[in-house]
Amino acid sequence: MPRATDLVRGVSRRTPYLPATDAGCEEVATGFRALSEPTRLRILRRLARGEASVGEVVADVGGTQANVSKHLTILLSSDIVDRKRRGGRIPDGGARVPRPTA
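Everything numeric here is computed off the predicted structure, so don't read it as measured data. (Residues numbered from 1 in each chain as written. Predicted model: local features only at pLDDT ≥ 70, side-chain atom pairs only at ≥ 80, totals over all residues. Heavy atoms only, no water.)

Draft legend 1. Representation of helix α4 (residues 54–61) in the model. Among the residues of α4, those classed as buried are Val 54, Val 57, Val 58 and Val 61. All buried residues of α4 fall inside an arc of 100° around its axis, so they share one side. Positive phi shows up at Gly 62, right after α4, with a value of about 95°. (Buried < 20%, exposed > 50% of the residue type's maximum accessible area, 1.4 Å probe, protein only. Helix = DSSP H or I, 4+ residues; strand = E, 2+ residues; numbered from the N terminus. Arc of directions from axis to C-beta.)

Right under this line is the structure:
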């Protein structure tokens, strides 16, 4: 059985991109929380195909417009998708994953 110190050393060697600061850890955790909901993953999968209106996302993902809008707000606040209104459409942003700044 490996010792706890061996496990810690092994993790640090295999994952060199962990945040270096507490602020960076919070930013990454926020991104993971945003991605932890299946509906949000379905929304990202839809947006990865191209920009869409909220109505088109609702049609593809299911649920209500209010529910999809709530999930989009969480994805927007986590900087996972962009919302630059172009005739009521949400630009493609599904493939972008937030990068820690710290």
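Draft legend 2. Looking closely at the confidence of the model for the protein chain. Residues with a pLDDT of 70 or more make up 65% of the protein chain, whose mean pLDDT is 75. Taken as a whole, residues 4–9 scores under 50 in pLDDT and shows 2 contacts with residues more than four places along the chain or in a different chain. (pLDDT = per-residue confidence, 0-100. Contact = heavy atoms within 4.5 Å.)

Draft legend 3. Geometry of the packing of α4 against helix α5 (residues 65–77). α5 packs onto α4 with a crossing angle of 105° between their chain directions and a minimal axis gap of 9 Å. By the angle class used here, α4 and α5 are roughly perpendicular. Contacts between α4 and α5 involve Val 54, Val 57 and Val 58 on the former and, on the latter, Gln 65, Val 68, Ser 69 and Leu 72. The residue makeup of the contact of α4 with α5, split by class, is 5 nonpolar, 2 polar and no charged. (Axes fitted to C-alpha atoms, helices over the stretch in contact; angles between N-to-C directions. Parallel < 35°, antiparallel > 145°, perpendicular 65-115°, else oblique. Nonpolar A, V, L, I, M, F, W, Y, C, P; charged D, E, K, R; others polar.)

Draft legend 4. Geometry of the pattern of salt bridges. Using the criterion set out here, one finds 2 salt bridges in the structure. Measuring nitrogen to oxygen at the nearest pair gives 2.5 Å for the salt bridge that ties Asp 60 to Arg 46. Separated by 14 residues along the polypeptide, Asp 60 in helix α4 and Arg 46 in helix α3 (residues 38–48) bring together distant segments of the chain. Note on Asp 60: relative accessible area 43%, which makes it partly exposed. On the basis of relative accessible area, Arg 46 is assigned to the buried category, the value being 10%. Arg 49 is the partner of Asp 60 in a salt bridge, and the nearest nitrogen-oxygen pair spans 2.8 Å. Of this pair, Asp 60 sits in helix α4 while Arg 49 sits in the loop between α3 and β1 (52–53), placing them 11 residues apart in sequence. Bridged by salt links that share partners, the residues Arg 46, Arg 49 and Asp 60 form one connected network. (Salt bridge = Lys/Arg side-chain N within 4 Å of Asp/Glu carboxyl O.)

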